[in-house]
Amino acid sequence: MRVTWSGGELTFRLDPEDEITGKAADEHPVKLATNTCTISGVPADAHPDLYAVAAWTVVAPWTRRKITFDRAVSAEVAAALQDGWGVEAGPVGAEPRGAGGTLAISYSGGADSVAASAIYPDAPFVHFRRVPHARVPNRWPHYRSDVLAKLAKRTGRELTVVESDLEFTLAEPRPGYPEHHAVAAGALLLADRMDLGGLAFGYELGSRWLGGDRYLLRYTPDNPMWAPHGEWGRLFAAVGVHIVLPVGGVSEAVTMRLALNSDLKEHVRWCLRGTDGPCRTCGKCLYKELIQAAVERRPIDTPITADRPVARKWLQPPPFGGQEMIEYGLARVPGIEQSLFAKALDHFDASEESTSWLDHCYPPAIDEIPPRWRDEAAAFLTSNVGLMTEREIRRVETWGS
Ligand SMILES: [Zn+2]
């Protein structure tokens, strides 16, 4: 792989051994659509390691053995690419970038990132906004990134919106981040200007510890994407931008509750399609409605009926993505046996007691937060959520076994 930056435009060329259909860290096959993308509003003089890691968030799935950058990177970044992916990176010759002092939040506007924002009320936001690609047709026009960017502006937080078409480098299954970390490509390029030492993401317990991203449904302390000692964690640390998961120890029920109790609650939006409000008809709206109904202890309120395609997956046997939250909802939503989730009751024996761990914080997730930002998160989570008991901790650590 050879990558070239021209301002905020990234161009990459595959080497003979590289593949058009690659594999992201979550094991999903991703097919290349085009070899250029643009990230706008970023400085022209970022540290070369920041350009390198921003590029890697886009090209990693298609790179096999070697990556050649258009400017020298530090030995630290080259080592992180070698150790993590077995990829030879060069040229090498830059001094490493020292870590800055600021923590920013990669803010999507969904419940998880709003909850992360509640933990760090003074942290600035970086919001990634998808824009069309000049040469790739948009086959998923429902995504209203304009609406989400507008909501982010209304939060009143210090905000940088990064506009990018990088999701269109991916042709299949549909436009999206080649790697989950590509959402941070703009924030990485802004790291010098913002003096970033950390970047907080809204990944919660399921994604970080329960194999949620990979649908493995297995306890995953060594999650390659989000563990500090995983390959991505080490690569971000090598450029002085530590990955921080403020809500990595709590479930989506907790992030929902924190988001709906937060100052930003008017601006929460997990639906990618709605304009004036959530669309209420997409799969995400249905899943989040189950969680919200469970948190609010009320029946499900949805126009979706069991014969609709978005309901189909709940009629099949598990495993489900976010399965722990399905169990949580089954145990807590009044009248669930009359809802379209009724069939799922056949497969689980969930009770309030068996799902109580999903109301508390898994302590090792706090220990993973870099020391500089740990105490603030620990204080917030201890007083607003509460830590898991030994028994609840065992539920996490035996998940899927
Ligand atoms: Zn929706």
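Residues numbered from 1 in each chain as written. Predicted model: local features only at pLDDT ≥ 70, side-chain atom pairs only at ≥ 80, totals over all residues. Heavy atoms only, no water.

1. Describing the coordination of the zinc ion
For a metal with four tetrahedral donors the ideal donor-metal-donor angle is 109.5 degrees, while six octahedral donors give ideal angles of 90 or 180 degrees.
Phase 1: Coordination of the zinc ion by the protein involves Cys271 (SG), Cys279 (SG), Cys282 (SG) and Cys285 (SG), with metal-donor separations of 2.3 to 2.4 Å.
Phase 2: Site description for the zinc ion: donor spacing in sequence, C-x7-C-x2-C-x2-C.
Phase 3: Judged by relative accessible area, Cys279 falls into the partly exposed class, the value being 23%. (Donors = N, O, S within 2.8 Å, 3.2 Å for Na, K, Ca; no water. Buried < 20%, exposed > 50% of the residue type's maximum accessible area, 1.4 Å probe, protein only.)

2. What to know about the pattern of salt bridges
Phase 1: Per the counting criterion, the structure on display carries 18 salt bridges.
Phase 2: Residues Glu17 and Arg65 are paired through a salt bridge, measuring 4.0 Å at the closest nitrogen-oxygen approach. Residue Glu17 is found in the loop between strand E2 (9–13) and strand E3 (21–23), and its partner Arg65 is found in the loop between helix H1 (48–59) and strand E6 (66–74); the two are separated by 48 residues along the sequence.
Phase 3: Exposure remark for Glu17: the relative accessible area of 23% places this residue in the partly exposed category.
Phase 4: On the accessibility criterion, Arg65 (55% relative accessible area) is exposed. (Salt bridge = Lys/Arg side-chain N within 4 Å of Asp/Glu carboxyl O. Helix = DSSP H or I, 4+ residues; strand = E, 2+ residues; numbered from the N terminus.)

3. Here we look at the nonpolar core
Phase 1: Formed by 67 residues in total, the largest nonpolar core has its most connected members in Tyr120, Leu205, Trp314, Ile326, Phe341, Trp357 and Leu381.
Phase 2: At seven residues, helix H10 (residues 283–296) tops the list of elements feeding residues into this core.
Phase 3: Each of domain 2 (102–248) and domain 3 (254–346) gives at least three residues to this core.
Phase 4: Apart from residues no more than four positions distant in its own chain, Tyr120 is found in contact with Leu103, Ile105, Arg157, Val244, Pro246, Ile369, Trp373, Glu376 and Ala377.
Phase 5: Ala52, Ala80, Met194 and Leu196 belong to the second largest nonpolar core, which has 62 residues in total. (Core = buried A, V, L, I, M, F, W, Y, C linked by side-chain atoms within 4.5 Å. Domains from an automatic or database assignment. Contact = heavy atoms within 4.5 Å.)

4. Re the domain arrangement of the protein
Phase 1: In terms of domain boundaries, the protein breaks down into domain 1 (2–94), domain 2 (102–248) and domain 3 (254–346).
Phase 2: Placing a centre on the C-alpha atoms of domain 1 and another on those of domain 3 gives a separation of 37 Å.

5. Some remarks on unusual backbone geometry
Phase 1: That bond from Gly90 to Pro91 is cis: its omega, -5°, falls within 30 degrees of zero.
Phase 2: In this chain, Pro318 is followed by Pro319 through a cis amide linkage whose omega measures 10°.
Phase 3: If you check the backbone angles, Asp195 has positive phi at about 55° while not being a glycine.
Phase 4: For Asp195, the location among the structural elements is in the loop between helix H6 (191–194) and strand E12 (196–200).

6. Some points on helix H3 (residues 111–119)
Phase 1: In terms of burial, H3 is largely enclosed, as eight of its nine residues are buried.
Phase 2: Taken as a whole, H3 has its buried residues at Ala111, Asp112, Ser113, Val114, Ala115, Ala116, Ser117 and Ile119.
Phase 3: Taken together, the buried residues of H3 touch strand E8 (102–106), strand E9 (125–130), helix H9 (252–260), H10 and helix H13 (371–384).

7. Section: the packing of aromatic side chains
Phase 1: Summed over all chains, the structure comprises 17 aromatic pairs.
Phase 2: Residues Trp232 and Phe236 carry aromatic rings whose centres are separated by 6.3 Å and whose planes lie at 65° to one another, so their mutual orientation is edge-to-face. In this pair, Trp232 and Phe236 both sit in helix H8 (residues 231–238), four residues apart, roughly one turn of the helix.
Phase 3: When the ring of Phe320 is compared with that of Phe348, the centres are 6.2 Å apart and the planes differ by 50°; the resulting orientation is tilted. (Phe/Tyr/Trp six-rings, centres within 6.5 Å; stacked < 30°, edge-to-face > 60°.)

8. Overview of helix H14 (residues 390–397)
Counting along an α-helix, one turn takes 3.6 residues, and residues three or four places apart therefore face a common direction.
Phase 1: Three or more residues of H14 are buried, namely Glu392, Ile393 and Val396. For H14, the arc enclosing every buried residue in end-on projection is 105°, short of the 170-degree limit, so these residues lie on one face. Away from its buried face by more than 90 degrees, H14 exposes Glu390 and Arg391.
Phase 2: Packed against the buried residues of H14 are helix H7 (205–209) and helix H12 (363–367). (Arc of directions from axis to C-beta.)

9. Concerning the pairing of E2
Phase 1: Judged by which residues are buried, E2 turns out to be one-sided: Leu10 and Phe12 face inward and are buried, whereas Glu9, Thr11 and Arg13, on the alternate face, are not.
Phase 2: Two elements, strand E1 (residues 2–6) and E2, share five bridges in a ladder whose sense is antiparallel. Each residue of the ladder has a partner; that of Thr4, found in E2, is Thr11.
Phase 3: Hairpin remark: E1 followed by E2, antiparallel, with two residues in the connecting loop; positive phi at Gly7, about 60°.
Phase 4: The pairing of E2 with strand E5 (residues 36–40) spans three bridges and is classified as antiparallel. (Pairing = 2+ DSSP bridges.)

10. Observations regarding the sheet that holds strand E4 (residues 29–32)
Phase 1: Taken together, the three strands give an open sheet; going across it, the order is E3-E4-E11, and neighbouring strands pair in antiparallel fashion. Two strands in the sheet have a free side with no partner beyond their single neighbour: E3 and strand E11 (170–172). Averaged over all adjacent pairs, the angle separating strand axes in this sheet is 50°, with direction ignored.
Phase 2: Pairing of E4 with E11, which is carried by two bridges, proceeds in the antiparallel orientation. (Axes fitted to C-alpha atoms, helices over the stretch in contact; angles between N-to-C directions.)

11. Side note on the side chain of Arg269
Phase 1: Along the polypeptide, Arg269 turns up in the loop between H9 and H10.
Phase 2: Beyond its immediate stretch of four places on either side in the chain, Arg269 contacts Gly109, Gly110, Val147, Leu148, Leu151, Gly274, Thr275, Asp276, Gly277 and Pro278.

12. Some details on the packing of H9 against H10
How two helices pack is summed up by the angle between their axes together with the distance between the axes.
Phase 1: Relative to each other, H9 and H10 sit at 75°, their axes nearing to 9 Å. As judged from the angle between their axes, H9 and H10 are roughly perpendicular. Counting all contacts with H9, which are made through Glu252, Ala253, Met256, Arg257 and Leu260, the residues of H10 involved are Tyr287, Lys288, Ile291, Gln292, Val295 and Glu296.
Phase 2: In the contact of H9 with H10, the residues fall into six nonpolar, one polar and four charged. (Parallel < 35°, antiparallel > 145°, perpendicular 65-115°, else oblique. Nonpolar A, V, L, I, M, F, W, Y, C, P; charged D, E, K, R; others polar.)

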